[in-house]
Amino acid sequence: MVVLGQLLDILGTLGVCECRGPVDRAAMLRGLALYDPSDPRTAAGDQVMLGVGIDSPERAVRVLADTDAAVLVLRAAFSLDEGVARAARDAGIPVVRVDPGVSWGQLVAVIHTLVFGERAAAKAAAPGGLFDLADTIAGAVGGPVTIEDVQARVLAYSHRQQDVDQARLRTILGRRVPDETLEALRSQGVFAHLDESDEPLFVPELSSELTARVVVAVRAGRELLGSVWVEVDGPLSPGQNAALVAGARVAATHLLTTRASADLERRVEGDLVQSLIEGGADAPAALLRLGLPATDLRVVALRADGGADAVLLAARHATIGFTWSRPGRSALVGDVLYTVLSGGKDADAACAWVRALASELPADARVRAGVGGPADVSQLPASRSEADESLAVHMSDPDAELPVTYDAVWDRILLRRLAGAAAAGRMPTSGPVVDLARHDAEHGTEYVPTLRALLRAQGDLREASARLAVHPNTVRYRLRKMSETTRLDLDDPRKRLAMMIALEVGAVMSG
């Protein structure tokens with residue numbers, strides 16, 4: 001089963017053009033119904049009605065007046081005008097219009113998978129589905145076949161392997177197309193063709209390792225889902241081209257069904273992870289459902305900038321594969337990807353996981369991440385807070401090594417916490433830091449940076465001068481003039497700590 005909000009979110013990735021009427025995102029959906037002109041009331045209040053044959057706004061209005069369905073899904077070229085919107089509001093039933101480029105078969109496959117949950121997902125993900133299709137296409141077209149996603153990862157391949165070239169062998173063994181092969185195909189305009197056309201494209205032999213191929217896009221509506229490749233001796237006949245196009249349409253349904261299942265699983269996983277890191281009362285049950293151990297856990301907080309989809313792509317990579325094959329479980333909360341990782345006694349495994357994930361993202365994606373301290377299930381909210389604080393350190397220091405771990409920067413985080421607490425109250429109008437900052441502002445001196453360097457160097461003039469990139473005599477001179485301006489008390493450990501906190505408050509308040 002699925003709630004209406006989840007259905008709408010996932011259909012939105014497929015090509016929802018419009019949604020009119022009231023939406024109760026928590027409404028549970030338990031079944032499907034097909035519009036029957038002779039008996040429109042066949043749909044129950046917890047069912048999705050598929051409006052096959054509803055070809056005008058006027059007919060949609062009549063159906064809304066008669067049905068009890070939870071939602072009406074249309075695949076239509078017409079827009080949902082104000083009349084449809086009013087009828088939807090009056091009936092209390094939302095109406096969703098999907099791009100007519102998406103077939104009813106594809107829509108039914110996705111919605112069926114979502115509504116009937118695990119049973120449909122298991123059927124969709126049954127071993128051999130795409131592999132059987134690859135064999136069928138290979139038999140009809142007469143050449144070895146691979147089916148790939150939009151990231152050039154191999155999803156399935158035909159069993160026929162006679163006389164295949166090295167590029168195909170390396171693609172299958174590596175489960176993705178090699179970079180040099182991708183570049184050669186890109187230079188021939190292959191991927192530009194896939195973006196724009198549903199017609200098969202013949203690619204002539206480019207080298208002894210990359211022989212002739214025919215490729216066709218796998219698409220749902222306007223969205224490119226992947227591609228089907230056939231290794232051939234020459235251009236295909238019209239009949240073979242038609243068989244390849246038909247096979248690509250079937251592949252689209254497979255990929256949509258699998259993606260809908262995966263999206264639903266991601267949402268369930270995300271809800272469970274969020275309950276863990278927020279300390280919900282059902283955290284032990286959530287941990288059990290996620291298949292994670294009760295101890296040696298860490299929370300990772302990750303942001304990926306460099307395009308609107310960077311963090312979404314990171315979340316997709318973080319949740320690829322079966323849960324039992326992944327070291328962590330993830331949830332996307334706002335623009336931050338949170339992952340609970342096992343094996344957290346030390347931070348090495350978490351650091352390696354973050355770097356591996358970053359390597360899967362586009363080169364222009366800027367990844368910043370924080371790793372919380374080790375935790376058992378009851379301490380996960382604390383590890384999440386530490387991950388957030390470590391991420392904040394990385395955001396303020398973009399040159400820091402990826403990722404920033406709480407183990408390594410706990411001192412900076414503690415000072416930031418103290419600074420935050422101090423900033424919540426009224427700061428004194430006089431004192432060493434205030435007096436020196438005022439003098440710097442009025443006279444253009446560098447007393448505050450000098451004080452900060454001295455405190456960090458624990459009074460060592462040579463180390464402080466190295467931090468400031470000036471001669472030690474310059475630091476001595478500044479220190480003498482600073483002592484004339486305010487009372488420093490550098491020999492008092494509590495005063496030194498207070499000055500360090502005051503300096504951190506200034507840094508925090510200045511951003």
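Residues numbered from 1 in each chain as written. Predicted model: local features only at pLDDT ≥ 70, side-chain atom pairs only at ≥ 80, totals over all residues. Heavy atoms only, no water.

Here's the deal with the UniProt feature "domain: PucR C-terminal helix-turn-helix" (unreviewed entry) in the protein chain
Those residues carrying the UniProt feature "domain: PucR C-terminal helix-turn-helix" (unreviewed entry) are residues 448-504 in this numbering. Taken end to end, residues 448-504 has its terminal C-alpha atoms 12 Å apart, with 75% of it in helix and 0% in strand. (UniProt positions renumbered as here; feature names shortened; annotations may be inferred. Helix = DSSP H or I, 4+ residues; strand = E, 2+ residues; numbered from the N terminus.)

Some words on the packing of helix H15 (residues 432-443) against helix H16 (residues 447-456)
Between H15 and H16, the least distance of the axes is 8 Å, while the angle of their chain directions is 140 degrees. When the axis of H15 is compared with that of H16, the two are oblique. Taken together, the residues of H16 that come into contact with H15 (itself represented by Val-433, Leu-436, Ala-437, His-439 and Asp-440) are Tyr-447, Val-448, Pro-449 and Leu-451. Looking at side-chain class alone, the contact of H15 with H16 contains 7 nonpolar, 1 polar and 1 charged residues. (Axes fitted to C-alpha atoms, helices over the stretch in contact; angles between N-to-C directions. Parallel < 35°, antiparallel > 145°, perpendicular 65-115°, else oblique. Contact = heavy atoms within 4.5 Å. Nonpolar A, V, L, I, M, F, W, Y, C, P; charged D, E, K, R; others polar.)

Some points on the environment of Asp-36
Take Asp-36: it is sitting in the loop between strand E4 (31-34) and strand E5 (47-50). For Asp-36, a relative accessible area of 29% translates into the label partly exposed. Once the C-alpha coordinates of Asp-36 and Asp-165 are considered, the two residues, 129 residues apart in sequence, prove to be 53 Å apart. (Buried < 20%, exposed > 50% of the residue type's maximum accessible area, 1.4 Å probe, protein only.)

Overview of the sheet that holds strand E13 (residues 297-305)
Sheets are built from strands paired through backbone hydrogen bonds, the pairs being either parallel or antiparallel. Strand order across the open sheet formed by 5 strands is E14-E15-E13-E16-E17, with mixed pairing between neighbours. Looking at the sheet topology across the chains shown, the edges are occupied by strand E14 (328-333) and strand E17 (404-405). With 6 bridges joining them, E13 and strand E16 (residues 366-371) adopt antiparallel strand pairing. Its bridge partner being in E16, Ala-301 is matched across the sheet by Gly-370. Sitting on the sheet, helix H12 (residues 348-359) touches E13, strand E15 (336-342), E16 and E17, and the angle it makes with E13 is about 25 degrees. Packing of helix H13 (residues 380-396) onto the sheet brings it into contact with E13, E15, E16 and E17, and relative to E13 it is tilted by some 35 degrees. (Pairing = 2+ DSSP bridges.)

Notes on the packing of H16 against helix H17 (residues 461-468)
In the contact formed by H16 and H17, the axes pass within 8 Å of each other and the chain directions differ by 130 degrees. Accordingly, the angle class assigned to the pair H16 and H17 is oblique. For the pair H16 and H17, the crossing hand works out as right-handed. Counting all contacts with H16, which are made through Pro-449, Thr-450, Ala-453, Leu-454 and Arg-456, the residues of H17 involved are Leu-461, Glu-463, Ala-464, Arg-467 and Leu-468. Of the residues belonging to the contact of H16 with H17, the class tally is 6 nonpolar, 1 polar and 3 charged. (Left-handed = near helix turned anticlockwise from the far one by under 90°.)

Things to note about the nonpolar core
Among the nonpolar cores identified, the biggest contains 47 residues, and Leu-7, Val-48, Ile-111, Val-228 and Leu-244 are the most heavily contacted of them. Here this core gets 7 residues from one element, more than from any other, and that element is helix H9 (residues 238-277). (Core = buried A, V, L, I, M, F, W, Y, C linked by side-chain atoms within 4.5 Å.)

Remarks on the side chain of Glu-231
Tracing the backbone shows Glu-231 in strand E12 (residues 223-231). One buried charged side chain, Glu-231, makes no salt bridge at all; its nearest oppositely charged neighbour is Arg-213, positioned 4.2 Å away. (Lys, Arg positive; Asp, Glu negative; His and termini not counted. Salt bridge = Lys/Arg side-chain N within 4 Å of Asp/Glu carboxyl O.)

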